[in-house]
Amino acid sequence: MSELLTGAQIICRTLVDAGVDVLFGYPGGAIMPFYDALHGHAGLRHILVRHEQAAAHAADGYARAGNRVGVCIATSGPGATNLVTGLATAHMDGSPVLAVTGQVGRPMLGRDAFQETDVVGVTMPVTKHNVLVRDVEDLADDLRTALAIAIEGRPGPVLVDVPKDVQNQKAEYRVSGVGDLGSGKPRHQAPDTGHLEEAIQQTAQLIAAAERPIMMIGRGVIVSGAYDAVRALAERTGMPVITTLLGISAFPQAHELHLGMPGMHGEVHINKAIQAADLIVGIGLRFDDRVTGNTATFAPRAKIVHIDIDVGAEIRNLMHPREEVFSGGLSPEVILSTLAEVTGGRGTIVSDVGQHQMWVAQRYPFQRPNTHITSGGLGAMGFAVPAAMGVRLARPGEPVWAISGDGGFQMNMAEIATMVQEGIEVKLAIFNNGYLGMVRQWQQFFHGGRYSNTPIWSPDYVKLAAAYGIPGWRVKQASEVADALRQANQTPGPTLVELVIEQEANVFPMIVPGGSLSEPLEAAPV
Ligand SMILES: Cc1ncc(C[n+]2csc(CCOP(=O)(O)OP(=O)(O)O)c2C)c(N)n1
């Protein structure tokens, strides 16, 4: 069975046949044939963002929450380069995102044509795979191959660059079986572990012989849906479980074997457990430098068993209750425990990057798998607001909160317009401390208190909300927190709550960058 379609129509058909139903994008000259084909195309909902970076983050959020490929679309040149931060974010955190970009027509390639950028070259290091489609006959299979690569093994972003004249060319549309995508979702097949039998036996012996074994788990447990297996292993062996920033919600927070988050802002007793362990069973994590600190001093007594789908990820990188001083302003702890009460643990929390991200990771009581979404590997400020749009579209039935600092929020706050136009119900919380807080903390601790370019002015967020036609609340008193969060949670549509927190609150404990997990800072150095 075949029919004659334009390249643009072939893109639409291939996406629909692969189970894609939502696209995040922004039009422009080189992608106009695709937008023309999209007009009125049944089965594809397009979300018009306000900046292509947001399209990539939203596709990423959609992919993480929906456990399926998220798709973003941009024009050539500036449209495509605006995607780069979002693709790099997805690349670091193993999220399956497909970017389809328009490119100048083939006769103009390599001639510095208007809005020509070698996007395949630019995105090569931040994608798993990318391709410039040179012939419409290859287009459908190039898309299918890219989609399949995005979800196979360790998921990640892929990019298909389509010259404008290829979008206008006609070709037979054929179902080829390339990629064999089915629903566009990753296939969680039971892996063939035959060749690992010996390693599994050795691991079992190591666990049986260890006196202080621990498990450290990361996002790989979420991606592979291995919650039950990991929990069974923990319960059968009694090994305590440490969850990395990206592994939060892979294990029930309230479980008696759950310890919490390790590393730079991990609690002292958790890092101590790592330093004292004689065996670490690491599952689905990279042992990145924020987790290990100085690798020369990391877990000095431990043998390490590393279980990861990415064979290259083999250890290549290898407080007690926190005391914070909140003199005036709101305490993040109160805010987060109140939010947990308000959502009843039903919602998904998408955090941005900075101090508030660490407070969320340390304090929010995540109970359900994959309900904590953040930019861990890249640490891309501006992630939360657009990613939360993608999360909400993947999980329409539950509250989705984007928690940002006043810095990161201002990077992508234009997306409120997208939420309003498209009716995407995201709840926005801004932890406003008047600073680029995490950088200010480093300046306080390590740069003699010189706050170089970290004080940051904000607009009136309640008026900003009003300008977009959504309800907004400013909260300064602890007594007002619950009411504002409850109203924001209950009121239909997007809502915004600004939480004025103590200006110079710090995140503790802290391991000095590159320092040893054995030497936490529990107060600002004098
Ligand atoms: C795109 C980007 N630019 C710069 C940074 C460096 N950076 C990390 S945390 C941070 C401060 C974040 O400030 P804010 O959003 O106000 O959050 P807070 O730390 O105050 O909670 C900065 C500038 C980054 N991570 N991402």
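Our structure is the block above this text.
All values derive from a computational prediction rather than experimental measurement.

**As for the sheet that holds strand S3 (residues 45–48)**
Pairing is parallel across the open sheet formed by six strands, whose spatial order is S3-S2-S4-S5-S7-S6. Both outer strands of the open sheet, S3 and strand S6 (129–132), are each paired with one neighbouring strand and no more. In this sheet, adjacent strand axes meet at a mean angle of 20° when their direction is disregarded. Alignment of S6 against strand S7 (residues 158–163), held across four bridges, turns out to be parallel. Looking across to S7, one finds that Leu 132 is bridged to Asp 161. Together, strand S5 (97–103), S6 and S7 form the strand contacts of helix H7 (residues 136–151), whose direction differs from that of S7 by roughly 165°.

**Some words on the packing of aromatic side chains**
For the structure on display, the rule yields nine aromatic pairs. Centre to centre, the rings of Phe 34 and Tyr 35 are 5.6 Å apart; their planes meet at 85°, and the pair counts as edge-to-face. We classify Tyr 35 as buried; its relative accessible area is 15%. A cation over a ring is seen here: Arg 440 above Tyr 435, with NZ or CZ 5.5 Å from the ring centre.

**Some words on the packing of helix H3 (residues 52–66) against helix H5 (residues 84–93)**
The contact between H3 and H5 brings their axes to 7 Å, and the two run at 25°. The angle between the axes of H3 and H5 places the two elements in the roughly parallel class. Mapping the contact onto sequence places Gln 53, Ala 56, His 57, Asp 60 and Arg 64 in H3 and Thr 85, Gly 86, Leu 87, Thr 89, Ala 90 and Asp 93 in H5. Partitioning the contact of H3 with H5 into residue classes produces three nonpolar, five polar and three charged.

**Thoughts on the site of the ligand**
Residues in contact with the ligand amount to 17 residues; listed here are only the nearest, Gln 355, His 356, Gly 379, Gly 408 and Gly 437. Gly 407 places a main-chain nitrogen or oxygen 2.9 Å from an oxygen atom of the ligand. Contact between the ligand and Tyr 435: an oxygen atom at 3.1 Å from a main-chain N or O atom of the residue. Of all the cavities here, the one that holds the ligand is the second largest pocket. For the shell around the ligand, the secondary structure elements donating two or more residues are helix H15 (355–363), helix H17 (406–412) and helix H19 (437–446). If you tally residues by element for the shell around the ligand, the top one is H17, at four residues. Split into classes, the residues belonging to the shell around the ligand amount to seven nonpolar, nine polar and one charged.

**So, unusual backbone geometry**
Looking along the chain, the bond that leaves Phe 508 and enters Pro 509 is cis, with omega of -5°. Mapped onto the elements of the fold, Pro 509 is located in the loop between strand S19 (495–500) and strand S20 (510–511). The phi torsion at Asp 112 lies on the positive side, around 55°, for a residue other than glycine. Within the fold, Asp 112 resides in the loop between S5 and helix H6 (119–123). Using a relative accessible area of 74% as the deciding quantity, one classes Asp 112 as exposed. Phi at Asn 453 is positive, roughly 60°, even though this residue is not glycine. Along the chain, the position of Asn 453 falls in the loop between H19 and helix H20 (461–468). Residue classification places Asn 453 among the exposed residues on the basis of a relative accessible area of 69%.

**Overview of the nonpolar core**
Of all hydrophobic cores here, the largest spans 48 residues; its most connected members are Phe 24, Val 350, Phe 409, Leu 428 and Leu 496. If you look at the next biggest cluster of nonpolar residues, it comprises 37 residues, including Ile 11, Val 100, Ala 140 and Val 162.

**A few points about the side chain of Thr 454**
Looking at the element boundaries, Thr 454 is found in the loop between H19 and H20. Note on Thr 454: relative accessible area 1%, which makes it buried. Of the polar contacts made by the side chain of Thr 454, one reaches the side chain of Gln 443; its length is 2.7 Å. Once residues lying within four places of it in the same chain are set aside, the contact partners of Thr 454 are Gly 434, Tyr 435, Leu 436, Val 439, Arg 440 and Gln 443.

Conventions we followed
Residues numbered from 1 in each chain as written. Predicted model: local features only at pLDDT ≥ 70, side-chain atom pairs only at ≥ 80, totals over all residues. Heavy atoms only, no water. Pairing = 2+ DSSP bridges. Helix = DSSP H or I, 4+ residues; strand = E, 2+ residues; numbered from the N terminus. Axes fitted to C-alpha atoms, helices over the stretch in contact; angles between N-to-C directions. Contact = heavy atoms within 4.5 Å. Phe/Tyr/Trp six-rings, centres within 6.5 Å; stacked < 30°, edge-to-face > 60°. Buried < 20%, exposed > 50% of the residue type's maximum accessible area, 1.4 Å probe, protein only. Lys NZ or Arg CZ within 6 Å of the ring centre and 35° of its normal. Parallel < 35°, antiparallel > 145°, perpendicular 65-115°, else oblique. Nonpolar A, V, L, I, M, F, W, Y, C, P; charged D, E, K, R; others polar. Near = heavy atom within 4 Å. Polar contact = N/O pair within 3.5 Å; in protein donor to acceptor, adjacent residues only side chain to side chain. 1 Å grid on protein atoms, 1.4 Å probe; cavity = no way out; pocket = protein on both sides within 12 Å on 5 of 7 lines; lining within 4 Å. Sits in = over half its atoms within 2 Å of the grid points. Core = buried A, V, L, I, M, F, W, Y, C linked by side-chain atoms within 4.5 Å.

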